[in-house]
Amino acid sequence: MEPDHRAAPSSELDDRRDGRDETRNERADRNWEELLQELRVMQTGTQILTGFLLAVAFTPRFEDMDEVQRDLYVVLVALAALATILALAPVGMHRALFGRRRKPELVRVAARIVKIDLVAISALTIGVTTLIIDFTVDRAAGLIALVSSLVAVLLLWLVLPRLVRREAERTREDERE
């Protein structure tokens, strides 16, 4: 039995052909919940990295860092602060827009912020890995860690999703034939 959309205004009808029968507001609510789940994961990772960075400055070996390592450390602390601020921005926006019927716009802007935050967190993760390896092994190993981490992020966050999309498109084409 097909749902009856005759009573709903045309602006409330589902305008996507994705198999979901939801209004614009229902889609915004669902997408907001999914963004919150992503933010929870991102915040946990960022908090762990930030805690590590803050603890490093209070260890006796902090004085053993050379100038390059200390400069990288300061950049990473700033990047951790930026990542935290970005992760909290959608929640602050939600609070500011609460009850104003702006959830679709909130979701659109928050999704962009989450993408920017992913870049910041990837840079933070790569930087922390580089700093640790550089400090505990040597500069050459730190550079290898930098390149290896960068390649891993590019493969897993950019290449893999494209391959998955391409495979899904092929599957849909095969089903049509």
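In the block above lies the structure referred to throughout.
Residues numbered from 1 in each chain as written. Predicted model: local features only at pLDDT ≥ 70, side-chain atom pairs only at ≥ 80, totals over all residues. Heavy atoms only, no water.

**Q** Can you break down the overall build of the protein chain residue by residue, with the values?
**A** For the protein chain, the count of helices and strands is four helices and zero strands. Ordered by position from N to C terminus, the α and β elements of the protein chain give α-α-α-α. Relative to its full complement of 177 residues, the protein chain shows a buried share of 28%. Put simply, 65% of the contacts in the protein chain that link residues at least 6 apart link residues at least 24 apart. (Helix = DSSP H or I, 4+ residues; strand = E, 2+ residues; numbered from the N terminus. Buried < 20%, exposed > 50% of the residue type's maximum accessible area, 1.4 Å probe, protein only. Contact = heavy atoms within 4.5 Å.)

**Q** So, a negative patch on the surface: which residues are in play, and what are the values?
**A** Among the surface-exposed residues, Glu 169, Glu 173, Asp 174, Glu 175 and Glu 177 lie close enough to one another that they form a single negatively charged patch. Residue position: Glu 177 is located in the segment after α4 (139–176). (Patch = residues over 30% accessible without salt bridge, like charges linked within 9 Å, V, L, I, M, F, W, Y side chains within 5 Å. Areas by Shrake-Rupley, 256 points an atom, 1.4 Å probe, with all protein chains shown as cover. Salt bridge = Lys/Arg side-chain N within 4 Å of Asp/Glu carboxyl O. Lys, Arg positive; Asp, Glu negative; His and termini not counted. Charge placed at Lys NZ, Arg CZ, Asp CG, Glu CD.)

**Q** Which residues make up the environment of Asp 66, and what are the values?
**A** For Asp 66, the location among the structural elements is in the loop between α1 (24–56) and α2 (67–97). Between the alpha carbons of Asp 66 and Phe 135 there is a distance of 8.7 Å; along the sequence they are 69 residues apart. At 3.1 Å, the side chain of Asp 66 and the backbone nitrogen of Val 68 are in polar contact. (Polar contact = N/O pair within 3.5 Å; in protein donor to acceptor, adjacent residues only side chain to side chain.)

**Q** Help me get a handle on the packing of aromatic side chains, residues and values and all.
**A** Within this structure, the stated rule accounts for one aromatic pair. Note on Phe 62 and Tyr 73: the rings are 5.1 Å apart at their centroids and 70° apart in plane angle, and the pair reads as edge-to-face. Pair noted here: Phe 62 is in the loop between α1 and α2 and Tyr 73 is in helix α2, with a separation of eleven residues, a long-range link. Just as Phe 62 is buried, Tyr 73 falls in that class too. (Phe/Tyr/Trp six-rings, centres within 6.5 Å; stacked < 30°, edge-to-face > 60°.)

**Q** Can you break down the layout of surface pockets residue by residue, with the values?
**A** Taken as a whole, the largest pocket encloses approximately 450 Å³ of empty space. Lining the largest pocket, in full, are Lys 115, Leu 118, Val 119, Ser 122, Val 153, Leu 154, Trp 157, Leu 158, Pro 161, Arg 162 and Arg 165. For the lining of the largest pocket, the secondary structure elements donating two or more residues are α3 (103–136) and α4. The biggest single contributor to the lining of the largest pocket is α4, with seven residues. Broken down by class, the residue content of the lining of the largest pocket amounts to seven nonpolar, one polar and three charged. (1 Å grid on protein atoms, 1.4 Å probe; cavity = no way out; pocket = protein on both sides within 12 Å on 5 of 7 lines; lining within 4 Å. Points joined across faces, edges and corners; volume = space filled by probe spheres on them. Nonpolar A, V, L, I, M, F, W, Y, C, P; charged D, E, K, R; others polar.)

**Q** Help me get a handle on the nonpolar core, residues and values and all.
**A** Of all hydrophobic cores here, the largest spans 28 residues; its most connected members are Trp 32, Leu 35, Leu 53, Tyr 73, Leu 76, Leu 124 and Val 128. Elements represented by at least two residues in this core include exactly α1, α2 and α3. If one sorts the elements of this core by residue count, α3 sits on top with ten residues. Beyond its immediate sequence surroundings of up to four residues, Leu 76 is in contact with Leu 53, Ala 123, Leu 124, Gly 127, Val 128 and Leu 131. (Core = buried A, V, L, I, M, F, W, Y, C linked by side-chain atoms within 4.5 Å.)

**Q** Mind laying out α4, listing which residues take part and the relevant values?
**A** Spanning 38 residues, α4 covers 54 Å between terminal C-alpha atoms, matching the ideal 56 Å at 1.5 Å per step. Where α4 is concerned, the buried positions are Ala 141, Gly 142, Ala 145, Ser 149 and Val 153. Among the structural elements, α3 are those in contact with the buried residues of α4. Looking at where α4 begins, the residue whose side-chain oxygen comes 3.3 Å from the main-chain nitrogen of Ala 140 is Asp 138. (Expected span 1.5 Å × (residues − 1).)

**Q** With reference to specific residues and values, describe the side chain of Asp 134.
**A** Assignment of secondary structure puts Asp 134 in helix α3. Within the structure, Asp 134 has its side chain in polar contact with the side chain of Arg 139 (distance 2.4 Å).

**Q** Requested: an account of the pattern of salt bridges, with residues and values cited.
**A** Within this structure, the stated rule accounts for nine salt bridges. The partner of Arg 24 in a salt bridge is Glu 105, and the shortest N-O contact between them spans 3.8 Å. Of this pair, Arg 24 sits in helix α1 while Glu 105 is found in helix α3, placing the two residues 81 residues apart along the sequence. The exposure class of Glu 105 is partly exposed, given its relative accessible area of 26%.

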